[in-house]
Amino acid sequence: MAVTPLLSALTRLAAVEAHSRSSSRCPCGADTLAERADATVVRHAGVVAKAHAPGVYAADLAPRLAAAASLPHLLLPPLTPVPASLHDRLVTFWSYGVPVDPDTPDAAPWEEAATLLAQLHRTPAPHALPPMRGPVKAARAVLRLREVSGEHPAVAPVLRAWEDLPGWARGAAPMPDTTTLCHGDLHLGQLVRHPVPDGPWRLIDVDDLGTGVPAWDLARPAAWYACGLLPPQEWARFLAAYRTARGPAVPADGDPWPALDVPARALTVQTAARALTKAIGRDRPLDEVEESLVDACARMVSVQYGSVDLPGGSGSVPEQLPSSSAK
């Protein structure tokens, strides 16, 4: 990985923050946790520094940080209430938490994630919190696909599926729920144990936190289940835990899919758009997962909103919703 000026400066800043908070000799362990266009994240000892995406403004980020600080039983709180500025990017500081281990899927904390979500959704949203950014992020993924698509034959069904969604799910109209507190980008990478090594699970990443449709936070695991990427028993555990914690995104019993259908479709299109953008940019053929995403989008246009019986009689799900674990 090439060391960019931003990465180098952020690494130094993380060390300064870590040393300022330690009364003992710092072990000075440093890691680059992520370096993407939308985030650069480094760790120094027990401190994590995150450079947020270009174009993230303090006026939007500050109330999200305040919300995390006010809900430490749900969200990992920031170490500082005001973001710093570095290379025209906003930077925030966090305690290090142990992430979900991708190599032990059987130990994935689905019940804990569902319970945290339900509690978050039932918490009154702080005043002046911006809208949840899930639909806006999906729209940006589709825009990037349009910019690179050229004449690629796989693009058309993805764009048709996108246009078939209601305006709120495309970030083109206000969401029908403007009061429920939502995470906005829930996946297992958004959970850590804190304090390390075996503290309670907490949600991280407040960039998309805001008010909106809570079903958006359940849509990714729902889509994984619908396409067979999440085993039925794990989906059942997740859904049961959410309902036990009285989460408002789905009915307390009965078929959850009328509430989940639109967000799950939107996340399928978003995932397909991101996968296609990468494949086109690298001038390579689509792999099996990417082809399944394109096929899913094609089926979404021809199948009405609703649900069908999942093969094997394990429940009622939209058959057109394959997804993947790609963010």
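The preceding data block contains the structure.
Now for a look at the structure at hand. (Residues numbered from 1 in each chain as written. Predicted model: local features only at pLDDT ≥ 70, side-chain atom pairs only at ≥ 80, totals over all residues. Heavy atoms only, no water.)

**Digging into the overall build of the chain**
Next up, step 1: Within the chain, the regular secondary structure consists of nine helices and 12 strands.
Next up, step 2: Against the globule reference of 20 Å for 327 residues, the chain gives a C-alpha radius of gyration of 20 Å, in line with a compact fold.
Next up, step 3: Taken along the three principal axes of its C-alpha coordinates, the chain extends 60 × 45 × 40 Å.
Next up, step 4: The buried share of the chain, taken over its 327 residues, is 52%.
Next up, step 5: Across the chain, the fraction of contacts at a sequence separation of at least 24, relative to all contacts at a separation of at least 6, is 72%.
Next up, step 6: Roughly 14900 Å² of accessible area belongs to the chain as shown, and the carbon and sulfur atoms make up 56% of that amount.
Next up, step 7: Side chains of the chain give 29 positive and 34 negative charges; the mean places of these two sets differ by 6 Å. (Helix = DSSP H or I, 4+ residues; strand = E, 2+ residues; numbered from the N terminus. Rg over C-alpha atoms; globule rule 2.2 N^0.38 Å. Buried < 20%, exposed > 50% of the residue type's maximum accessible area, 1.4 Å probe, protein only. Contact = heavy atoms within 4.5 Å. Areas by Shrake-Rupley, 256 points an atom, 1.4 Å probe, with all protein chains shown as cover. Lys, Arg positive; Asp, Glu negative; His and termini not counted. Charge placed at Lys NZ, Arg CZ, Asp CG, Glu CD.)

**Quick look at a negative patch on the surface**
Next up, step 1: Side chains of Asp287, Glu288, Glu291 and Asp295 sit close together on the surface and give a patch of like negative charge.
Next up, step 2: Within the element layout of this structure, Glu291 appears in helix 9 (residues 288-302). (Patch = residues over 30% accessible without salt bridge, like charges linked within 9 Å, V, L, I, M, F, W, Y side chains within 5 Å. Salt bridge = Lys/Arg side-chain N within 4 Å of Asp/Glu carboxyl O.)

**Thoughts on the side chain of Asp207**
Next up, step 1: With respect to the secondary-structure elements, Asp207 resides in the loop between strand 9 (201-203) and strand 10 (210-211).
Next up, step 2: For Asp207, a relative accessible area of 13% puts it in the buried group.
Next up, step 3: A distance of 2.8 Å separates the side chain of Asp207 from the side chain of His52, its partner in a polar contact.
Next up, step 4: Apart from residues no more than four positions distant in its own chain, Asp207 is found in contact with Lys50, His52, Arg64 and Arg133. (Polar contact = N/O pair within 3.5 Å; in protein donor to acceptor, adjacent residues only side chain to side chain.)

**Details of the packing of aromatic side chains**
Next up, step 1: Evaluated as defined, the whole model comprises five aromatic pairs.
Next up, step 2: Considering the side-chain rings of Tyr225 and Trp235, the 5.6 Å spacing of their centres and the 10 degrees angle between planes classify their relative orientation as stacked. With Tyr225 in helix 6 (residues 216-227) and Trp235 in helix 7 (residues 232-244), this pair connects stretches of sequence that are 10 residues apart.
Next up, step 3: With a relative accessible area of 6%, Tyr225 lands in the buried category.
Next up, step 4: The exposure class assigned to Trp235 is buried, which follows from its relative accessible area of 4%.
Next up, step 5: The structure contains a cluster of three or more aromatic residues connected by ring pairs, namely Trp110, Tyr225, Trp235, Phe238 and Trp257.
Next up, step 6: Positioned over the ring face of Tyr96 is Arg43, at 3.6 Å from the centre of the ring. (Phe/Tyr/Trp six-rings, centres within 6.5 Å; stacked < 30°, edge-to-face > 60°. Lys NZ or Arg CZ within 6 Å of the ring centre and 35° of its normal.)

**Here's the deal with the sheet that holds strand 1 (residues 30-36)**
In a beta sheet, neighbouring strands pair by backbone hydrogen bonds and run either parallel or antiparallel.
Next up, step 1: With antiparallel pairing, five strands are arranged side by side in an open sheet as 1-2-3-5-4. For this open sheet the edge positions go to strand 1 and strand 4 (84-86), each flanked by a neighbour on one side alone. On average, each strand axis in the sheet is inclined to that of its neighbour by 25 degrees, with strand direction left out of account.
Next up, step 2: Sheet topology note: the strand 4/strand 5 (residues 89-95) ladder contains three bridges and is antiparallel. In the strand pairing of strand 5, Ser85 is matched with Leu90.
Next up, step 3: Sheet contacts for helix 1 (residues 5-21): strand 1, strand 2 (39-44), strand 3 (47-52), strand 4 and strand 5; angle to strand 2, the most-contacted strand, approximately 40 degrees.
Next up, step 4: Its contacts with the sheet put helix 2 (residues 58-70) on strand 3 and strand 5, and the angle it makes with strand 5 is roughly 10 degrees. (Pairing = 2+ DSSP bridges. Axes fitted to C-alpha atoms, helices over the stretch in contact; angles between N-to-C directions.)

**Overview of unusual backbone geometry**
Next up, step 1: Between His194 and Pro195 the backbone carries a cis peptide bond, its omega angle lying at 0 degrees.
Next up, step 2: Within the secondary structure, Pro195 sits in the loop between strand 8 (191-193) and strand 9.
Next up, step 3: Of note, the amide linkage connecting Val196 to Pro197 takes the cis form, showing an omega dihedral of 5 degrees.
Next up, step 4: One can find Pro197 in the loop between strand 8 and strand 9.
Next up, step 5: Unusually for a residue other than glycine, Ala128 sits at a positive phi of about 65 degrees.
Next up, step 6: Among the structural elements, Ala128 can be located in the loop between helix 3 (110-122) and helix 4 (134-148).
Next up, step 7: We note that Asp283 has phi near 50 degrees; this positive angle belongs to a residue other than glycine.
Next up, step 8: By the secondary structure assignment, Asp283 is in the loop between helix 8 (257-281) and helix 9.
Next up, step 9: Asp283 sits in the exposed class, given a relative accessible area of 73%.

**Focus on the nonpolar core**
Next up, step 1: By size, the foremost hydrophobic cluster in this structure holds 87 residues, and its most contacted members are Val158 and Trp235.
Next up, step 2: Looking at this core element by element, the count peaks at 13 residues for helix 8.
Next up, step 3: When near neighbours in sequence (up to four residues on either side) are disregarded, Trp235 contacts Leu218, Pro221, Ala222, Tyr225, Leu230, Trp257 and Leu260.
Next up, step 4: Counting 13 residues, the second-largest nonpolar core is a separate cluster that includes Leu7, Leu10, Ala18 and Val91. (Core = buried A, V, L, I, M, F, W, Y, C linked by side-chain atoms within 4.5 Å.)

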